[in-house]
Amino acid sequence: MLISDTHLHSFFSSDSDSPMEDMVKEGIRRGLSTLCFTEHYDPDFPVTESGLDFQLDFDAYYRTFLSLKKKYAPQIELLHGIELGVQKQSGGPLFDLYTKIGGRYDFIINSCHLVDGVDPYEKVFFETHTPEEGIRRYFESILDNLIAFPYFQTAGHLDYICRYIPAPRPEFHYEEYADILDAILIYLIDHGKGLEVNTAGLKHGLPWPNPHMEILKRYRALGGEIITIGSDAHRPADMTYAFDRLPEILAEAGFTHYALYRNQQPEFIPIA
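Summary of the structure given here. (Residues numbered from 1 in each chain as written. Predicted model: local features only at pLDDT ≥ 70, side-chain atom pairs only at ≥ 80, totals over all residues. Heavy atoms only, no water.)

**Examining the pattern of salt bridges**
Moving on, step 1. Tallying each qualifying case throughout the model produces 13 salt bridges.
Moving on, step 2. Note that Glu21 is salt-bridged to Lys71, the shortest N-O span being 2.7 Å. Linking Glu21 in helix 1 (residues 20-29) with Lys71 in helix 2 (residues 58-71), this pair joins segments that are 50 residues apart in sequence.
Moving on, step 3. For Glu21, a relative accessible area of 23% translates into the label partly exposed.
Moving on, step 4. Arg137 is the salt-bridge partner of Glu140, the closest N and O atoms lying 3.4 Å from each other. Of this pair, Glu140 and Arg137 both sit in helix 5 (residues 131-148), three residues apart, which is roughly one turn of that helix.
Moving on, step 5. Here the salt bridges do not stand alone but share partners, grouping Glu26, Arg29 and Arg30 into one network. (Salt bridge = Lys/Arg side-chain N within 4 Å of Asp/Glu carboxyl O. Helix = DSSP H or I, 4+ residues; strand = E, 2+ residues; numbered from the N terminus. Buried < 20%, exposed > 50% of the residue type's maximum accessible area, 1.4 Å probe, protein only.)

As structure tokens, this is what we get:
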């Protein structure tokens, strides 16, 4: 059963203004048994024109989490996570952070939001890259980032860049990027890491979640078994977005279970 949403943001993330308690109440209303908050921390993210910096008040986040975890314990399980926006040069500082407070997290997502310092969300990225060039460079960055900071449980929204390719969006074909994608997936498998299925791809207008079905199938074919699921919701209304489609998607890709992490250790839960 899909009883957990393990990629959630509240007002502790720069791009959300939703109170954490509102997210908890919505999770209860939807009948979930577990929520994992994964607030953004992108240490090298350039401040946007609207003032987003993707920094994080770690201690305030932790205090609020513990308070709500205790308050709502009879109704729902809350897990403490973090989504790290990694770049190749940020591995050292993130390791220092992990050494200091990494033990408090149940779940750590390694995500790539920048390519050579630019977010593909920004129009300028595809003004200076063709879609094919941009996608390949993005995947190259992901491999660098996974190696730079290996203290994580899952790789987040692996083809995030595809959300922002300008219209008309080209079709995605695994074979065009098979060399670098195979290297990424083999790294994850060899190091016991998971692959996130993130339904925000569907919310952003893609016909697939992130990542594409071809990536999910290839991960499984290579021996990958650890799938995590998350909506990447930044407001209560988007929690569990399109989760009703996940059993069919995951079954088609060859998966029977997904992973829920506590204390950075997985529990495998049947999908159906």
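**Topic: empty space enclosed by the protein**
Moving on, step 1. On inspection of all chains with the given rule, the structure shows three cavities of 30 Å³ or more.
Moving on, step 2. Of the volumes computed, that of the largest cavity is approximately 60 Å³.
Moving on, step 3. Forming the walls of the largest cavity are Ile82, Leu84, Leu94, Leu97, Tyr98, Gly102, Tyr105, Ile108 and Phe149.
Moving on, step 4. Looking at which element gives the most residues to the lining of the largest cavity, the answer is helix 3 (residues 91-101), with three residues. (1 Å grid on protein atoms, 1.4 Å probe; cavity = no way out; pocket = protein on both sides within 12 Å on 5 of 7 lines; lining within 4 Å. Points joined across faces, edges and corners; volume = space filled by probe spheres on them.)

**Observations concerning the pairing of strand 2 (residues 34-41)**
Moving on, step 1. The buried count for strand 2 comes to eight of eight residues, which makes it a mostly enclosed element.
Moving on, step 2. By the alternation rule, side chains of strand 2 split into Thr34, Cys36, Thr38 and His40 and Leu35, Phe37, Glu39 and Tyr41, which are all buried.
Moving on, step 3. Where strand 1 (residues 4-8) lies against strand 2, three bridges are found, and the strand directions are parallel. Bridging from a neighbouring strand, Asp5 pairs with Leu35 of strand 2.
Moving on, step 4. Note that the unit made of strand 1, helix 1 and strand 2 has a crossover that is right-handed.
Moving on, step 5. Pairing of strand 2 with strand 3 (residues 77-85) involves eight bridges; the strand directions are parallel. By the bridge assignment, Thr38 is partnered in strand 3 with Gly81.
Moving on, step 6. Taking the sense of rotation as the criterion, the β-α-β connection linking strand 2, helix 2 and strand 3 turns out right-handed. (Pairing = 2+ DSSP bridges. Right-handed = clockwise from strand over helix to strand, strands pointing away.)

**Concerning the nonpolar core**
Moving on, step 1. Formed by 84 residues in total, the largest nonpolar core has its most connected members in Phe139, Ile184 and Ile227.
Moving on, step 2. Not counting the four nearest positions on each side in its chain, Phe139 is found in contact with Leu158, Asp159, Phe172, Tyr177, Ile180, Leu181 and Ile184. (Core = buried A, V, L, I, M, F, W, Y, C linked by side-chain atoms within 4.5 Å. Contact = heavy atoms within 4.5 Å.)

**Considering helix 9 (residues 246-253)**
Working note: α-helix, 3.6 residues per turn, so residues spaced by three or four point in the same direction.
Moving on, step 1. Buried within helix 9 we find Leu246, Ile249, Leu250 and Ala253. The buried side chains of helix 9 occupy one side of the element, clustering within an arc of 90 degrees when seen end-on. Seen from the open side of helix 9, the exposed residues pointing more than 90 degrees away from its buried face are Glu248 and Ala251.
Moving on, step 2. In the core, the buried residues of helix 9 are packed alongside strand 6 (194-198), helix 8 (213-221) and strand 7 (227-230).
Moving on, step 3. Just downstream of helix 9, Gly254 is the residue with a positive phi angle, here 100 degrees. (Arc of directions from axis to C-beta.)

**Regarding the state of the cysteines**
Moving on, step 1. Here the structure, examined in full by the defined rule, presents zero disulfides.
Moving on, step 2. Cysteine Cys112 remains unbridged, with the sulfur of Cys162 as its closest cysteine sulfur at 12 Å.
Moving on, step 3. Residue Cys112 is classed as buried on the basis of its relative accessible area of 3%. (Disulfide = S-S within 2.5 Å.)

**What about the layout of surface pockets?**
Moving on, step 1. In this structure, the largest pocket occupies an estimated 710 Å³ of space.
Moving on, step 2. Forming the boundary of the largest pocket are 31 residues, of which Asp15, Leu52, Phe54, Asp119 and Tyr121 lie nearest the centre.
Moving on, step 3. Here the residues of the lining of the largest pocket sort into twelve nonpolar, eight polar and eleven charged. (Nonpolar A, V, L, I, M, F, W, Y, C, P; charged D, E, K, R; others polar.)

**Considering the sheet that holds strand 4 (residues 107-111)**
Moving on, step 1. On the basis of which strands lie adjacent, the open sheet formed by seven strands has the order 1-2-3-4-5-6-7 and parallel pairing. Both edges of this open sheet fall to strand 1 and strand 7, since each of them pairs with a single strand only.
Moving on, step 2. Sheet topology note: the strand 3/strand 4 ladder contains five bridges and is parallel. By the bridge assignment for strand 4, Glu83 is matched with Ile109.
Moving on, step 3. Running at roughly 155 degrees to strand 6, helix 8 makes contact with strand 6 and strand 7 of the sheet. (Axes fitted to C-alpha atoms, helices over the stretch in contact; angles between N-to-C directions.)

**Re helix 1**
Moving on, step 1. Among the residues of helix 1, those classed as buried are Met20, Met23, Val24, Glu26 and Gly27. In a view along the axis of helix 1, the buried residues occupy a sector of 165 degrees, so they form one face of it.
Moving on, step 2. At its buried positions, helix 1 is contacted by strand 1, strand 2, helix 2 and strand 3.
Moving on, step 3. Among the residues trailing helix 1, Gly31 stands out with phi positive, at a value near 80 degrees.

Shape descriptors only; they carry no functional weight alone.
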